[in-house]
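# A structural walkthrough
Residue strings, one per chain:
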Amino acid sequence: MRYLPIHVDTQNARILVVGGGAAAEAKLRTLLRTEAEIMLVSKEVSGEISRWIGQGRIHHMARDFHGNDLEGVALVYAATEDDAVNHDIAALARAASIPVNAADQKDACSFITPALVDRAPVTISIGTEGTSPGLARAIKSDLETRLPSTVGALAIKTQTLRAKIKSIMPDLADRQRFWARIFDGKDLDSHLKLDETGLETRVEHALDHPDADQGGSVVLVGAGPGNPDLLTFAARKALHSADVIVYDRLVSQEVLDLGRREAEYIYVGKQPGGHSTRQDRINDILIEKAQAGLYVIRLKSGDPLIFGRADEELDALEAAQVPTSIIPGITSAASAAAEIGASLTTRGKNKAISLLTGHDAEGFAEQDWKSLAAEDARAAVYMGVGASRFIQGRLLLHGANHSRPVCVVENASRSNQIIVQTTLGALPDDLQARGIKGPAILLIGYSLRGADASALPKVKNA
Ligand code: SAH
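Residues numbered from 1 in each chain as written. Predicted model: local features only at pLDDT ≥ 70, side-chain atom pairs only at ≥ 80, totals over all residues. Heavy atoms only, no water.

The next subject is the packing of helix α5 (residues 151–168) against helix α8 (residues 196–208). Interaxial distance between α5 and α8 falls to 10 Å at its minimum, and their mutual angle equals 25 degrees. Judged by the inter-axis angle, α5 sits roughly parallel to α8. Handedness of the α5/α8 crossing: right-handed. Facing Ala-153, Leu-154, Lys-157, Thr-158, Leu-161, Lys-164, Ile-165 and Ile-168 of α5, the residues of α8 in contact are Glu-196, Leu-199, Glu-200, Val-203, Glu-204 and Leu-207. Tallied by class, residues from the contact of α5 with α8 come to 8 nonpolar, 1 polar and 5 charged. (Axes fitted to C-alpha atoms, helices over the stretch in contact; angles between N-to-C directions. Helix = DSSP H or I, 4+ residues; strand = E, 2+ residues; numbered from the N terminus. Parallel < 35°, antiparallel > 145°, perpendicular 65-115°, else oblique. Left-handed = near helix turned anticlockwise from the far one by under 90°. Contact = heavy atoms within 4.5 Å. Nonpolar A, V, L, I, M, F, W, Y, C, P; charged D, E, K, R; others polar.)

Below, the structure is given as structure tokens:
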């Protein structure tokens, strides 16, 4: 993030706009909504601007800009129709340490203006750091249709109630919990429908029933293979309202970035070169946080119910009488299959697919190798990179063909995804040669769509 969005106080502030054409008019349209005193320097002004001047909303100086105009000014908009003039004004303003925006000259600006959804005091600014104003406008118009005009009044009403709640609950954390209950983040639509009386009733009810809904809970959430587009809607909603987010090593940063900013983030994955947090310690964290009344999200890569030790956590939570629920996710085998364009089951070829782990508590995991070696057997191997030579050895020993295709997808769905098409005979060597370290899924008996078997191995770096 190169640009930090902040909200500038315009009360008792003076803002200077230089220019009187279309660029200046666009800036003025926003500025006129603020409380600032607006100074305009321009020999000529458009019809619309002269109307505003006539209404006494703008202080107009009909002349060219000079340096003294910057005196006592909080912000400057260099918005003449002449780029060179704008550039010079911006340089002067910057030299005087006054924040300046020069129309259409990003590099001359010390700030840029976002697209705005204005339901003051609720305001949403949408910025693309100058990359795509059109996209910002599209997002803006979507939000405009979703936010009713009453949302500002709701915020103002909340402010009056906050003083009352503060006198009842001196402790900040208590108050934050209280307001989180009122606006619980799970049902924005119901909040947006609240009028002032509705809000008052809700607050009174919560004060009268302090224990209702007070208990925390834990949701096991599938974070998918890493690309946030592959999260479910339910997972996104849960992330937005979490108080605590407990996550593993394979949960991607992009997914974590969707979590509520104020949430507490607890990493329980393996430390680089170190040990994983012990399972009973993880269970304790989940229980402790939920019993403190918090809404806890247990984020697991892929689907939480596949090689995720979910049952151990569910058992512990159940024993502690903590309410739990599960939001499934896209498991990495499904994502990998989508990336290589292969159907996991094919009519007339395979009636089943096994989901295997390369490792279990004892080390390399033993499987029913005889059936897996059969011609029509198909398998997706999780945690299989380190075990690839072992898996190859076992399958060959039980009669599998050296030429059986194996397609390996590392970092499925992520920007650093790598696909390696190989054969059972070449599997471990190819993985090593390609530097595959995982996380990766080995799809045994599958080929990258369009891969020419005679030209194996193939690598695709998406
Ligand atoms: N619950 C997860 C699996 C956890 S076990 C799921 O449903 O996907 C961890 C293994 O998942 C890794 O060793 C790797 O085999 C696989 N995995 C997780 N994310 C992956 C990704 N983005 N691409 C490929 N494999 C992945």
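Quick look at the pattern of salt bridges now. Oppositely charged side chains are able to pair whenever their charged atoms sit close together. In the structure shown here, the tally under the stated rule is 23 salt bridges. In this structure, Arg-14 engages Glu-37 in a salt bridge whose closest nitrogen and oxygen atoms are separated by 3.3 Å. Taken together, the residues Arg-14 in strand β1 (residues 14–18) and Glu-37 in strand β2 (residues 37–41) connect sequence positions 23 residues apart. Under the relative-accessibility criterion, Glu-37 is labelled partly exposed at 38%. In this structure, Asp-142 and Arg-146 form a salt bridge, with 2.7 Å as the shortest nitrogen-oxygen distance. Here Arg-146 and Asp-142 lie together in helix α4 (residues 133–146), a separation of 4 residues that amounts to about one turn. Of the residues examined, Arg-146 reaches a relative accessible area of 56% and is grouped as exposed. (Salt bridge = Lys/Arg side-chain N within 4 Å of Asp/Glu carboxyl O. Buried < 20%, exposed > 50% of the residue type's maximum accessible area, 1.4 Å probe, protein only.)

For the rest of this paragraph, the subject is the packing of helix α11 (residues 279–291) against helix α12 (residues 310–319). Contact geometry for α11 and α12: axes closest at 10 Å, N-to-C directions at 45 degrees. Compared by their axis directions, α11 and α12 come out oblique. Considering only the axes of α11 and α12, their crossing is right-handed. Only Glu-312, Glu-313, Ala-316 and Leu-317 of α12 make contact with α11, whose side of the interface consists of Gln-279, Ile-282, Asn-283, Leu-286 and Ile-287. Grouping the amino acids of the contact of α11 with α12 by side-chain chemistry returns 5 nonpolar, 2 polar and 2 charged.

For the coordinates displayed, the defined rule picks out 7 aromatic pairs. Measuring from ring centre to ring centre gives 5.5 Å for Phe-178 and Trp-179, while their planes differ by 85 degrees; the resulting arrangement is edge-to-face. The pair formed by Phe-178 and Trp-179 is uniform in burial state, with each residue classed as buried. If you follow Arg-378 out to its NZ or CZ, it ends over the ring of Tyr-446, 6.0 Å from the centre. (Phe/Tyr/Trp six-rings, centres within 6.5 Å; stacked < 30°, edge-to-face > 60°. Lys NZ or Arg CZ within 6 Å of the ring centre and 35° of its normal.)

For the rest of this paragraph, the subject is the nonpolar core. Formed by 23 residues in total, the largest nonpolar core has its most connected members in Ile-391, Leu-395, Val-408, Ile-436 and Leu-442. Looking at this core, the elements with two or more residues in it are α14 (369–373), β16 (379–382), α15 (388–397), β17 (405–410), β18 (418–423), α16 (427–433) and β19 (440–444). Those residues in contact with Leu-395, other than ones at most four positions away along the chain, are Trp-369, Leu-372, Ala-373, Ala-400, Leu-424 and Ile-444. (Core = buried A, V, L, I, M, F, W, Y, C linked by side-chain atoms within 4.5 Å.)

Across 5 bridges, strand β6 (residues 115–119) lies against strand β7 (residues 122–126) in antiparallel orientation. Within the sheet, the bridge partner assigned to Ala-115 lies in β7 and is Ile-126. Hairpin connection from β6 to β7: 2 residues lie between these consecutive antiparallel strands. (Pairing = 2+ DSSP bridges.)

This paragraph deals with the confidence of the model for the protein. Confidence in the prediction for the protein averages 91 pLDDT; 95% of positions are at 70 or higher. Under a pLDDT of 50 for its full length, residues 453–458 has, in the predicted model, 12 contacts with residues more than four places off or in other chains. (pLDDT = per-residue confidence, 0-100.)

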